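Survey of secondary and tertiary structure
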Amino acid sequence: MNDNIFKLPEVSAWNCTVTHLASGHGSLDIRLTSSLNKRMKLQFYQVFYFGGWTQWKGANFRFATDAEYFDLARKDSSFDHVPDKDLILDGIFGISKLFVCNSEYTGLIYIMAGGGRLLDKDDNEIIKLDVAKFQ
C-alpha cells in the first residue's frame, strides 16, 4: 500500500487543522501539530475538491485507489456519460490525484489536487508530490 506518502513520523500523533482554503479551491493549507510539540504544514495546490472535516486527528495520507477515485467522480453527475477508462484523461481527473487521509475519529478526508507539499515550521519544503511526476 502507499501509506504515509509525506513520510511523517508517528502519523497517529498529528492533529490536522485546515487553516486556509482559497476561493475556488485553488489552494489548501493544513496545520499539523503533534503531541510531541512539533509543527508542520501541508499545502495542496490546484485543489479541485476537498471533502471532510476542518479538524481531525491522524496524518496518514495516501493516494486513493482507482476505485476510490472513480467513486468520487461518480458523485458528480457531469461525469455520468464518461466511461471509467476515460475518466483519468477527462478534465480535472487527468491533472490531479486524490489524496486520502484516514482520520482516527472522523473517517476519511479527501483532497483532489494537482499536488501537495510538506513544509517544516519555518516553511522550508521537505517533500513535494506533484501529479505531473506520476503521469
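Above this note sits the structure.
A word on the nonpolar core
If you look at the biggest cluster of nonpolar residues, it comprises 26 residues, and the most contacted ones within it are Phe-6, Ile-30, Leu-32, Phe-44, Phe-61, Phe-99 and Ile-111. For this core, the secondary-structure elements that each account for two or more residues are strand 1 (14–21), strand 2 (27–34), strand 3 (39–51), strand 5 (61–63), strand 6 (97–103), strand 7 (107–120) and strand 8 (125–130). Element by element, the count of residues in this core is highest for strand 3, at 5 residues. Counting 6 residues, the second-largest nonpolar core is a separate cluster that includes Ala-64, Tyr-69, Val-100 and Met-112.

As for the environment of Leu-108
Within the secondary structure, Leu-108 sits in strand 7. You can call Leu-108 partly exposed: its relative accessible area is 31%. Look past the residues within four positions of Leu-108 in its chain and what remains in contact with it is Gly-51, Glu-68, Val-100, Cys-101 and Asn-102.

Quick look at the pattern of salt bridges
Under the definition given, this model contains 4 salt bridges. A salt bridge links Lys-41 to Asp-123; its shortest N-O distance comes to 3.2 Å. Highlighted residues: Lys-41 in strand 3 and Asp-123 in the loop between strand 7 and strand 8, separated in sequence by 82 residues. Glu-68 is the salt-bridge partner of Arg-62, the closest N and O atoms lying 2.7 Å from each other. For Arg-62, a relative accessible area of 11% translates into the label buried.

What counts as what
- Residues numbered from 1 in each chain as written.
- Predicted model: local features only at pLDDT ≥ 70, side-chain atom pairs only at ≥ 80, totals over all residues.
- Heavy atoms only, no water.
- Core = buried A, V, L, I, M, F, W, Y, C linked by side-chain atoms within 4.5 Å.
- Buried < 20%, exposed > 50% of the residue type's maximum accessible area, 1.4 Å probe, protein only.
- Helix = DSSP H or I, 4+ residues; strand = E, 2+ residues; numbered from the N terminus.
- Contact = heavy atoms within 4.5 Å.
- Salt bridge = Lys/Arg side-chain N within 4 Å of Asp/Glu carboxyl O.

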